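# Coordinate inspection notes
Below, each chain spelled out in residue letters.
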Amino acid sequence: QRLKAAVHYTVGCLCQEVEEDKDVQFSKQSIAAISEITFRQCEIFAKDLEMFARHAKRTTVTTEDVKLLARRSNSLLKYITQKSEELASSNMEQKEKKKKKSSTAKGERTPGEQESVVTENEDSNMA
């Protein structure tokens, strides 16, 4: 029930933005109808995503499932693909930072630091 109310509120906010931008009016009934349709469509999406994951013998919905769901809308598929790539690269950066922090805390050197130490040793040996 709270989720349905949140969808209704969000649809109302979006309709207000459209009203201001396009100089049109939405009745309370039309906002309620849009909210109901949106909520029902989200329920269908959730069931489809669950089925996609189950078909792949998984219990977790992945970004690949979401991309499959969005396959009929090229612009939505492109947007979802872009965002998932951004998230993946952000996650990789965070993992790298964690690795560096943990290895520095243990007194270990990162591969880049090891290279510089080897180069410094070679330079001192040449002198």
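Residues numbered from 1 in each chain as written. Predicted model: local features only at pLDDT ≥ 70, side-chain atom pairs only at ≥ 80, totals over all residues. Heavy atoms only, no water.

The name given to the protein chain in an unreviewed UniProt entry is Centromere protein S, with Tichodroma muraria as the source organism. Note on the protein chain: under the UniProt heading Sequence similarities (unreviewed entry), the record states "Belongs to the TAF9 family. CENP-S/MHF1 subfamily." (UniProt positions renumbered as here; feature names shortened; annotations may be inferred.)

Bringing the overall build of the protein chain into the picture now. Scanning the protein chain for helices and strands turns up five helices and zero strands. Ordering the α and β elements of the protein chain from the N terminus gives α-α-α-α-α. When each of the 127 residues of the protein chain is scored for burial, the buried share is 13%. For the protein chain, contacts bridging at least 24 residues in sequence account for 22% of all contacts bridging at least 6. Working note: accessible area of the protein chain is about 10,900 Å², and carbon and sulfur atoms make up 55% of it. (Helix = DSSP H or I, 4+ residues; strand = E, 2+ residues; numbered from the N terminus. Buried < 20%, exposed > 50% of the residue type's maximum accessible area, 1.4 Å probe, protein only. Contact = heavy atoms within 4.5 Å. Areas by Shrake-Rupley, 256 points an atom, 1.4 Å probe, with all protein chains shown as cover.)

Locating Asp65 in the fold gives a position in helix α3 (residues 63-69). Asp65 has contacts with Leu49, Phe52, Ala53, Arg58 and Thr60, leaving out every residue within four places of it along the chain.

The backbone of Asp23 shows a phi angle near 55°, a positive value even though the residue is not glycine. Along the chain, Asp23 turns up in the loop between α1 (2-22) and α2 (28-55). The exposure class assigned to Asp23 is exposed, which follows from its relative accessible area of 71%. Its identity as a non-glycine residue notwithstanding, Lys57 has a phi of 60°, on the positive side. Counting through the fold element by element, Lys57 comes out in the loop between α2 and α3. Using a relative accessible area of 76% as the deciding quantity, one classes Lys57 as exposed.

Here we take up the nonpolar core. Counting five residues, the largest nonpolar core consists of Val7, Val11, Cys15, Ile31 and Phe39. Those elements that provide at least two residues to this core are α1 and α2. No other element matches α1, which puts three residues into this core. If we skip the residues at most four places from it in the chain, Val11 touches Ile31, Ile34, Ser35 and Thr38. (Core = buried A, V, L, I, M, F, W, Y, C linked by side-chain atoms within 4.5 Å.)

Before going further, it helps to examine the side chain of Ser84. Mapped onto the elements, Ser84 comes out in helix α4 (residues 74-105). Discounting chain neighbours no more than four positions away, the residues touching Ser84 are Thr63 and Lys67.

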